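# Overview (structure and organization)
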Protein chains: 2
Amino acid sequence: MSTFDIVPKTKQDALVETLLRLADDRLIHGHRLSEWTGHGPELEEDLALANVALDMIGHASSLYGYAAELEGKKDEDYYAYFRDDMDFKNIAMVELPRGDFAFTIARQFLFSAFSYFLYKNLIDTVDDEQFNGMLQKHFKEIKYHLRHSREWVLRLGDGTEESHQRIQDAFDEIWMYTGELFDLDEADHAAIEHSLYVDVTAFKNDWQDLVNPVIEEATLTVPDDDQYMFFGSRQGRHTEHLGPLLAQMQFLRRSYPDAEWK
Amino acid sequence: MSTFDIVPKTKQDALVETLLRLADDRLIHGHRLSEWTGHGPELEEDLALANVALDMIGHASSLYGYAAELEGKKDEDYYAYFRDDMDFKNIAMVELPRGDFAFTIARQFLFSAFSYFLYKNLIDTVDDEQFNGMLQKHFKEIKYHLRHSREWVLRLGDGTEESHQRIQDAFDEIWMYTGELFDLDEADHAAIEHSLYVDVTAFKNDWQDLVNPVIEEATLTVPDDDQYMFFGSRQGRHTEHLGPLLAQMQFLRRSYPDAEWK
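These lines cover the structure that appears in this document, whether it is placed above or below. (Residues numbered from 1 in each chain as written. Chains lettered and ligands numbered in written order. Predicted model: local features only at pLDDT ≥ 70, side-chain atom pairs only at ≥ 80, totals over all residues. Heavy atoms only, no water.)

Attention now moves to the interface of chain A and chain B. Interfaces are frequently sized by the accessible area removed from exposure as the parts join. With 41 residues of chain A in contact, the opposing surface of chain B contributes 41 residues. At the junction of chain A with chain B, the criterion picks out 0 salt bridges. For the pair chain A and chain B, the interface holds 4 residue pairs in polar contact (both at pLDDT 80 or more). The set of elements that each furnish at least two residues to the side of chain A that touches chain B consists of helix 1 (11–34), helix 2 (43–71), helix 3 (77–81), helix 5 (101–125), helix 6 (129–157), helix 7 (161–174) and helix 10 (242–255) of chain A. Along the lines of polarity and charge, the residues of the side of chain A that touches chain B split into 18 nonpolar, 12 polar and 11 charged. (Contact = heavy atoms within 4.5 Å. Salt bridge = Lys/Arg side-chain N within 4 Å of Asp/Glu carboxyl O. Polar contact = N/O pair within 3.5 Å; in protein donor to acceptor, adjacent residues only side chain to side chain. Helix = DSSP H or I, 4+ residues; strand = E, 2+ residues; numbered from the N terminus. Nonpolar A, V, L, I, M, F, W, Y, C, P; charged D, E, K, R; others polar.)

Set out below in structure tokens:
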């Protein structure tokens, strides 16, 4: 059964929904980043990307773990391996194919900058102790992700003609998926009422004030906000790219649900 | 040019050769482990395997880095991306395809147990300060790799009928590649003379005393040592599996040697 059309009624429902939304973004993004392991442009960067991927999958795992506790599921694996694409609540930006290195960096930068402000605001808002503890722990790593991707945006934008063009193309391509970052639906509003989520539109300006100057310093052009924007992934209407990703990620576990060996 | 037939003459040559042999084992093993990222049997294990992979690639990167310094190469990437398969000095065990989870665990266990004794002995022997410092740092992580894989051997061996059979098959299949662990060639002897390597045959008994009881406790049978053993990978005569692995790992970097974006 899909859950995307159910608006959380209780505080616990709202908490579970929020945990899953945060976790799904990070699991899927982490999975896309992990596709670089062994394929990075240099050994050091290979390790750096793999570390960011691990952080993101790790964050997802803790968030799922808490949701599992609240919902009485056996463990966090249920959410990663046994839900269908319609039940995943991640934004479309993170499910897009890994693309080239420039695309990977542009996405990581835009997403990490968003996560930075989101977690900062959530830490000041969320009164659930266990959830807030996780946010604080993950926030430290998010600051590193932001620094890492920011440096690469500058290096690629202000690099060779080709690297400049590629990262410009990446920002141009990805921009239509940034609208979802600042979208709020009924489930979000329910969570906000319980002090479990924040009004993300309130820090859109802060995000722009962080992101735009970096893009400009990298001698790149900030894409126009006044263009077609993609919406609906958070509510289960995903791009065609999520299905194949889940098929690959879930195949073994679903084929042998109780097997540890495969 | 291949270097596998050159016996190191100077202490520095012997040091470079030793660094590369250690690093190649770890880079290739790390690469095989990284193929599990996003495909592990559970989220926790996905993260654990990816962490072990990262450790191994990290160890390789430091060892290559020191070799690059000694040989006046620009950086460690030369060794990972611009050598051909004949120049790689890794043992065959680590280049075998990732196989199923049981195979991955059996290999990691046998290799980590070997690394444990190798590093322990090297730390007591090597008088090169920088090299010894690395060994000490990596040794802590090797102890974790050993503990992690040991626990899984017990869990799989003493698990379901199928997991038992799979890990037994894995040990049976991999055993012919354990001979290379305790092989010494002229380059090793040259390194031993300079206190840069150790006589690995001296701790084969210790290795057996660690490995065999775990296999037996897991209700498995230790394969017969008196069987055909594979040799020659360390000297550049690899199995057919290394070429495709390198092709995949080196493709992007070789296609665009100065590009950062791809």
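What follows covers helix 9 (residues 204–217) of chain B. All names here are of chain B. Helix length check: helix 9, at 14 residues, gives a terminal C-alpha distance of 20 Å against a target of 20 Å (1.5 Å per residue), a fit within 8%. Turning to helix 9, its buried residues number three or more, namely Trp-207, Gln-208, Val-211, Asn-212, Val-214 and Ile-215. Around the axis of helix 9, the buried residues are gathered within 165° of arc, so they sit on the same side. Seen from the buried face of helix 9, the exposed residues on the opposite side, beyond 90 degrees, are Asn-205, Asp-209 and Glu-217. Structurally, helix 9 contributes buried residues whose contacts are with helix 5 (101–125), helix 6 (129–157) and helix 7 (161–174). Immediately downstream of helix 9, the backbone of Thr-219 shows phi near 60°, a positive value. (Expected span 1.5 Å × (residues − 1). Buried < 20%, exposed > 50% of the residue type's maximum accessible area, 1.4 Å probe, protein only. Arc of directions from axis to C-beta.)

It takes a turn of 180° to lay chain A on chain B, together with a shift of 0.0 Å along the axis; the resulting RMSD is 0.0 Å. Expressed as a symmetry operation, the mapping of one chain copy onto the other fits a two-fold axis. The overlap is high: 100% of the interface residues of chain A also sit at the interface in chain B, so the same surface is used on both sides. (Least-squares fit on C-alpha atoms with pLDDT ≥ 70 in both.)

Bringing the packing of aromatic side chains into the picture now. Throughout the structure, instances matching the rule amount to 26 aromatic pairs over all chains. Ring centres of A:Tyr116 and A:Phe117 lie 5.1 Å apart, and the angle between their planes is 80°; this geometry places the pair in the edge-to-face category. The residues A:Tyr116 and A:Phe117 share a single accessibility class, namely buried. Here the aromatic rings of A:Trp175 and A:Trp207 are separated by 6.0 Å at their centres, their planes lie at 35°, and the arrangement is tilted. Remark: A:Trp207 occurs in helix 9 (residues 204–217) and A:Trp175 occurs in the loop between helix 7 and helix 8 (186–193); sequence separation between them is 32 residues. For A:Trp175, a relative accessible area of 1% corresponds to the buried category. The exposure class assigned to A:Trp207 is buried, which follows from its relative accessible area of 1%. Here the aromatic residues A:Phe114, A:Tyr116, A:Phe117, A:Phe139, A:Trp175, A:Phe182, A:Phe203 and A:Trp207 are joined through ring pairs into a cluster of three or more. Positioned above the aromatic ring of A:Trp36, the side-chain terminus of A:Arg98 is 4.1 Å from the ring centre. When the ring centre of B:Trp152 is taken as origin, the NZ or CZ atom of B:Arg155, which lies over that ring, is 4.1 Å away. (Phe/Tyr/Trp six-rings, centres within 6.5 Å; stacked < 30°, edge-to-face > 60°. Lys NZ or Arg CZ within 6 Å of the ring centre and 35° of its normal.)

This part is about the side chain of A:Gln250. Residues and elements named next belong to chain A. By the element assignment, Gln-250 lies in helix 10. Overall, Gln-250 belongs to the buried group, its relative accessible area being 6%. Within the structure, the side chain of Gln-250 is placed 3.0 Å from the backbone oxygen of Arg-83, a separation counted as a polar contact. Among residues more than four places away in sequence, those in contact with Gln-250 are Ala-80, Tyr-81, Phe-82, Arg-83 and Phe-88.

Below, the discussion takes up the environment of A:Val222. Residue and element names in this part refer to chain A. Mapped onto the elements, Val-222 comes out in the loop between helix 9 and helix 10. Sequence-wise, Val-222 and Phe-203 are 19 residues apart; in three dimensions their C-alpha atoms are separated by 18 Å. The contacts of Val-222, once residues within four sequence positions are left out, are Trp-175, Asn-212, Ile-215 and Glu-216.

This part covers unusual backbone geometry. Residue and element names in this part refer to chain A. Here Ser-195, not a glycine, exhibits a phi torsion of approximately 55°, which is positive. By the secondary structure assignment, Ser-195 is in the loop between helix 8 and helix 9. You can call Ser-195 partly exposed: its relative accessible area is 27%. Backbone geometry at Thr-219 places phi at a positive 60°, although glycine is not the residue there. In this structure, Thr-219 sits in the loop between helix 9 and helix 10. Given the relative accessible area of 43%, Thr-219 is considered partly exposed.

Residue and element names in this part refer to chain A. If you walk through the whole model with that rule in mind, you get 25 salt bridges over all chains. The salt bridge partner of Glu-17 is Lys-89, with a shortest N-O separation of 3.3 Å. Of this pair, Glu-17 sits in helix 1 while Lys-89 sits in the loop between helix 3 and helix 4 (92–95), and the two are 72 residues apart along the sequence. Judged by relative accessible area, Lys-89 falls into the buried class, the value being 2%. Its salt-bridge partner being Asp-225, residue Lys-204 comes within 3.9 Å of it at the nearest N-O pair. Of this pair, Lys-204 sits in helix 9 while Asp-225 sits in the loop between helix 9 and helix 10, placing them 21 residues apart in sequence. One network of salt bridges, in which partners are shared, links Glu-17, Arg-21, Lys-89, Asp-185 and Asp-188.

This next bit is on a positive patch on the surface. Residues A:Lys137, A:Lys140, A:Lys143 and A:Arg147 make up a contiguous surface patch of positive charge. Among the secondary structure elements, A:Arg147 is positioned in helix 6. (Patch = residues over 30% accessible without salt bridge, like charges linked within 9 Å, V, L, I, M, F, W, Y side chains within 5 Å. Areas by Shrake-Rupley, 256 points an atom, 1.4 Å probe, with all protein chains shown as cover. Lys, Arg positive; Asp, Glu negative; His and termini not counted. Charge placed at Lys NZ, Arg CZ, Asp CG, Glu CD.)

The subject of this paragraph is the environment of A:Gln168. All names here are of chain A. The topology assignment puts Gln-168 in helix 7. Looking at Gln-168, the relative accessible area reads 9%, which means it is buried. For the pair Gln-168 and Val-222, spaced 54 residues apart in sequence, the C-alpha separation works out to 8.6 Å. When residues no more than four places from it in sequence are discounted, the contact partners of Gln-168 are Leu-220 and Thr-221. At 2.8 Å, the side chain of Gln-168 forms a polar contact with the backbone nitrogen of Thr-221.

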